[in-house]
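Here's the letter readout for the chains.
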Amino acid sequence: MFLHNLKYACLQIIRDKTEIFWILAFPIILSTLFKAAFGNLYTSGELFSSIPVAIVTDSSAESETFLEVADSLSSSDDPLLKVTKTENNDAQKLLDNADVDGIIYATKDDVTLTVKENDINQSILKSVTDSYLVNKKVIEDIAASDPQNIQKVVDSMSEEITYNNEINLSHGERDFFVQYFYNLIAMVCVFACSSGVVIVVRNQGNLSAIGARVSASPTGKFIKLFAGFVASVIINTVIMMIVLAYMILALKINFGDNIPAVLLGAFAGIVMGTSMGIFIGSIGNMKENVKNAITTALILFCCVLSGLMADNIPRMIQKNCPIVNRLNPVAIVSDCFYTLSVYDTYERFYMNIAKLLILSVVFMAGSFMFLRRKKYASI
C-alpha cells in the first residue's frame, strides 16, 4: 500500500511543470548566469599581474642604478613590473592611452613618478620609487659616516625580505564566488517547501478535487502523507544531484573535496524544506494557490534574512538580533554550505545538520497535530 502511494506521489510531483521548473530549470539557468557574470573573476592565476610602467632615463649613473633595480623587479618568475624603456614623448603617449600605469623618470637629478590615476597599481609604483629613494639615502649616509660597513649594508638590502607570510586559517574553498553557488543550492533545497504544500493540499478533501478523491480511499491519511513526503525528498534529491553534476561537470565549479558533505547538506535541507511545506500546508483551509503564495513569500523573506540576496544583512541581524537567524531554517541551510567553504573542521556543519533534522521532526509533528482531527461530513 505504501509503495503504491509512493509511486503515484512521485508521478504527481514529476508532472507538476511549475514545480520542476523551480527546482531544476531555475537553478541551472541561474548558475549559468552566475558563471557567465563572474565565474572567472577569482582564479589563482589572475589575482595579480605585472604592473606596466614606462621608464625614462638619461646617461647618468643614477639612471643605470635604477635600471638595475627595475630589471630585478621585472625578471623574476613572478615579476612585479613590466618595464618599457622609452623616451619622454613616447612614455606620455603610453600613459595617455592607458598602456602603462605610470612613468618613472630616473635622471641624475632625482627619481620621480608620474601617474594619471590613484589606484592600487599606482600606489605600488609609488612604494617602489619611495623605497628606492630611502635605500639610496641610507647608503649615502653610511658611505659618508662609516664607509667600511657600506658593503654589509648593501648586502643586507639585497636580501629578499618577506614581510607577510600566508597563513591559512582554514582549508576550505578559497574561491569567494563559489559561495554564490552554495547559496543557490541552499535556495533550491528550501524550494522543496512547495512540494510539501502540494502534498498536503492534494490529500485534503475540502481543498482540492484530487484531495476529495484521495480522502474517499481506504488508505490512512498518514500513510498517504508520509508517502508524499518520501516522494518529495526522493525527487528533489535526484534533481539536486543533476544540478550539482551540471555545475561541476559543465560549469567546472570547484566545490573542492566536499562533494559528499555538499550532498548531505542538500539532503538535510530538502528534508527540512519538505517538512516545512507540509507544516504550512496543514494550517488553515486556504486554497492551494493562496498557500503557495504564502509559502513563496515566506521563503523569499527567510532567504533575505539569511543573506542569500544580500550578504551584509546577516551581519546586521547578528549584531542587533542574533536569535532571528538561529531560528531561520533558510539561514541554517545556508550556514551548512558556508561552513564547508570556510572551516576546515566539520563540527559546525554537523551541528547545522542536526538542527535541520530537529526542525524537520518539529514540523512533521506539528503537521500531524493539525491534520489528525480533520474529518469531512461529506465530500
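Definitions and cut-offs
Residues numbered from 1 in each chain as written. Predicted model: local features only at pLDDT ≥ 70, side-chain atom pairs only at ≥ 80, totals over all residues. Heavy atoms only, no water. Helix = DSSP H or I, 4+ residues; strand = E, 2+ residues; numbered from the N terminus. Buried < 20%, exposed > 50% of the residue type's maximum accessible area, 1.4 Å probe, protein only. Contact = heavy atoms within 4.5 Å. Areas by Shrake-Rupley, 256 points an atom, 1.4 Å probe, with all protein chains shown as cover. Phe/Tyr/Trp six-rings, centres within 6.5 Å; stacked < 30°, edge-to-face > 60°. Core = buried A, V, L, I, M, F, W, Y, C linked by side-chain atoms within 4.5 Å. Expected span 1.5 Å × (residues − 1). Arc of directions from axis to C-beta. Axes fitted to C-alpha atoms, helices over the stretch in contact; angles between N-to-C directions. Parallel < 35°, antiparallel > 145°, perpendicular 65-115°, else oblique. Left-handed = near helix turned anticlockwise from the far one by under 90°. pLDDT = per-residue confidence, 0-100. Disulfide = S-S within 2.5 Å.

## Structural notes on the overall build of the chain
Along the backbone of the chain there are 16 helices and four strands. Counting every position in the chain, which comprises 379 residues, the buried fraction comes to 40%. Here the analysis covers contacts within the chain between residues at least 6 apart in sequence; of these, 70% occur between residues at least 24 apart. As displayed, the chain has an accessible area near 21,200 Å², and 60% of this comes from carbon and sulfur atoms.

## Quick look at the packing of aromatic side chains
By the definition in use, this model includes nine aromatic pairs. Seen in terms of ring centroids, Phe349 and Tyr350 are 5.3 Å apart; in terms of plane orientation they differ by 65 degrees. Their pairing is edge-to-face. The rings of Phe279, Phe363 and Phe370 are connected pair by pair, giving a single aromatic cluster.

## What about the nonpolar core?
Core analysis: the largest hydrophobic core is formed by 61 residues, its most contacted members being Ile185, Met240, Met247, Phe255, Val333 and Phe337. Looking at which element gives the most residues to this core, the answer is helix α10 (residues 221-250), with twelve residues.

## Quick word on the side chain of Thr274
Looking at where Thr274 falls in the secondary structure, it is placed in helix α11 (residues 259-281). If sequence neighbours within four positions are ignored, Thr274 has contacts with Ala192, Cys193, Gly196, Ile199, Phe229, Ser232 and Val233.

## What about helix α3 (residues 61-74)?
When the terminal C-alpha atoms of α3 are compared, their 20 Å separation across 14 residues agrees well with the 20 Å that a helix rising 1.5 Å per residue should span. Along α3, the residues that are buried comprise Glu62, Ser63, Phe66, Leu67 and Ala70. In an axial view of α3, the angular spread of the buried residues amounts to 125 degrees, which keeps them on one side of the axis. Counted as exposed and oriented over 90 degrees from the buried face of α3: Ala61 and Glu68.

## Re the packing of helix α7 (residues 178-190) against α11
Where α7 meets α11, the closest approach of the two axes is 7 Å, and the angle between their N-to-C directions is 30 degrees. Between α7, through Tyr182, Ile185, Cys189 and Val190, and α11, the contact on the second element is made entirely by Val262, Ala266, Gly269, Ile270 and Gly273.

## Looking at the packing of α11 against helix α16 (residues 347-371)
At their nearest, the axes of α11 and α16 sit 8 Å apart, and the two run at 20 degrees to each other. The angle between α11 and α16 falls in the class roughly parallel. In the crossing of α11 with α16, the sense of the turn from one axis to the other is left-handed. Listed contacts from α16 to Ala261, Leu264, Gly265, Ala268, Gly269, Val271, Met272, Ser275, Met276, Ile278 and Phe279 of α11 are Phe349, Tyr350, Ile353, Leu356, Leu359, Ser360, Phe363, Met364, Gly366, Ser367 and Phe370.

## So, the confidence of the model for the chain
Taken as a whole, the chain shows an average pLDDT of 79; of its residues, 82% reach a score of 70 or greater. Averaged over each element, pLDDT in the chain is lowest for helix α9 (residues 209-215) (57) and highest for α11 (90). Here residues 43-47 is modelled with pLDDT under 50, and outside its nearest four sequence neighbours on either side it reaches two contacts, counting other chains as well.

## Remarks on the state of the cysteines
Enumeration according to the criterion identifies zero disulfides in this entry. Here Cys303 is not disulfide-linked; the sulfur of Cys302 is the nearest cysteine sulfur, at 7.2 Å.

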